[in-house]
Amino acid sequence: MRTWCTVDTDDLRHVPSHQGHPTRSKTNETLPNFSPQLQEGFRHFKQWMESNENAVTIFVIADQCENEEFVSIIQDLETAFGGRITVGCHGLTHRSWSAWPEDSERFSKDLKQATSLLKKKFPDSFRPWFRAPAGYISDWMAPLLSQQGYTVDTSVNPSWLVRKKASPSQMLVRKSMESHGILERQWMTRFSLPTCGPAQHIIGLRWNARQAWKGLEKPLGIDDLHHIEDSEYELTTIYWHILDHARKDGRWTPPIKDW
Ligand SMILES: [Zn+2]
């Protein structure tokens, strides 16, 4: 099964411990709009892209587009790698939707704003693909995604460890997506444990997570992108963060084979 490589552009100011979550968000500290760490991450991400032929979908938080430098960095990646880069939506502000009571009105409004911003800034690369901030996805979000033309959702982490993030349950989220014509591309797990995002770095999860990624099949290339929206075509979906590329003095790369 081929691999769909995706990265999220979360900056330090977006993470749930800082904002967007009713109980996890604790700090009031003002963080930079576009942090030096994220800028460094983008530099090393570009180097990694130069070392292979993989196609990558970048899930962008639309409020980052307020920063012109951020926009020009994504546009530079589009110029450098052409069709290998696609852009999906990672929310307007990285709010952890399913951790709050249902708020269809606000989600719909935010999604509309995010979608139009991303389409405007990245007209050639934008695809109607969604990833819920921090994986907090609810069944009531599916009809709203569908109304705004989304075809793929990749928010469900099918591990018992994070089952509470999908509301009311992972199964009901999947059903709701399916009944609204949205293809759910769940994140890769191994032995029912998470392998994506923070799992690559958390002690207790990272060994299993890295083993899983070392065994991955060839990532999709520029000519394979049509498979992402094809429900008949099974894919393994993985994601990491641009910020990860700033780890280890910029030497970190996702532990997947060279093809
Ligand atoms: Zn995120």
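Structure: see above.
Note that this is a predicted model, so its numbers are computed, not measured.

K.L.:
Provide a residue-level description of the sheet that holds strand S11 (residues 236–241), including the pertinent values.
P.N.:
Strands sit in the order S8-S6-S4-S3-S2-S1-S11 across an open sheet of seven strands; the sheet is parallel. Unpaired on one side and paired on the other, strand S8 (183–184) and S11 mark the two borders of the sheet. Against the sheet, helix H2 (residues 68–81) touches strand S2 (56–60) and strand S3 (85–89), its axis set at about 145 degrees to S3. Against the sheet, helix H3 (residues 104–121) contacts S2, S3 and strand S4 (126–130), and its axis sits at roughly 160 degrees relative to S3.

K.L.:
Hey, could you go over the nonpolar core for me, with residue numbers and the actual values?
P.N.:
Counting 63 residues, the largest nonpolar core has Ile58, Val60, Ala62, Ile74 and Leu118 as its most contacted members. Looking at this core, the element that brings in the most residues is H3, giving five residues. Not counting the four nearest positions on each side in its chain, Ile58 is found in contact with Val7, Thr9, Ile74, Ile85 and Val87.

K.L.:
I'd love a proper account of the environment of Trp100, names of residues and values included.
P.N.:
With respect to the helices and strands, Trp100 occurs in the loop between S3 and H3. Between the alpha carbons of Trp100 and Thr57 there is a distance of 28 Å; along the sequence they are 43 residues apart.

K.L.:
Outline the environment of Asn208, supporting the account with residue identities and numerical values.
P.N.:
Mapped onto the fold, Asn208 is located in helix H6 (residues 206–214). By the C-beta count within 10 Å, which is 15 here, Asn208 ends up partly exposed. Separated by 55 residues in sequence, Asn208 and Asp153 place their C-alpha atoms 25 Å apart. Discounting chain neighbours no more than four positions away, the residues touching Asn208 are Arg190, Phe191 and Leu193.

K.L.:
Go over the pairing of S11 with me, naming the residues and quoting the values.
P.N.:
Within S11, six of the six residues are buried, which leaves it mostly tucked inside the rest of the structure. Residue alternation in S11 divides its side chains into two sets, Thr236, Ile238 and Trp240 and Thr237, Tyr239 and His241, and both sets are buried. As paired elements, strand S1 (residues 3–8) and S11 share six bridges and run parallel to each other. Paired with Thr3 across the bridge in S11 is Thr236.

K.L.:
Now, about the pairing of S2: what can you tell me, with residues and values included?
P.N.:
The buried count for S2 comes to five of five residues, which makes it a mostly enclosed element. Of the two faces of S2, the one holding Val56, Ile58 and Val60 and the one holding Thr57 and Phe59 are both buried throughout. Where S1 meets S2, four bridges bridge the pair, whose relative direction is parallel. The partner of Thr6 across the bridge, within S2, is Thr57. Here five bridges tie S2 to S3, and the two strands are oriented parallel to one another. In the sheet register, Ile58 faces S3, and the bridge partner there is Val87. Crossover S2 to S3 through H2 is right-handed.

Parameters and conventions
Residues numbered from 1 in each chain as written. Predicted model: local features only at pLDDT ≥ 70, side-chain atom pairs only at ≥ 80, totals over all residues. Pairing = 2+ DSSP bridges. Helix = DSSP H or I, 4+ residues; strand = E, 2+ residues; numbered from the N terminus. Contact = placed C-beta atoms within 7 Å. Axes fitted to C-alpha atoms, helices over the stretch in contact; angles between N-to-C directions. Core = buried A, V, L, I, M, F, W, Y, C linked by C-beta atoms within 7 Å. Buried ≥ 20, exposed ≤ 12 C-beta atoms within 10 Å, placed from the backbone. Right-handed = clockwise from strand over helix to strand, strands pointing away.

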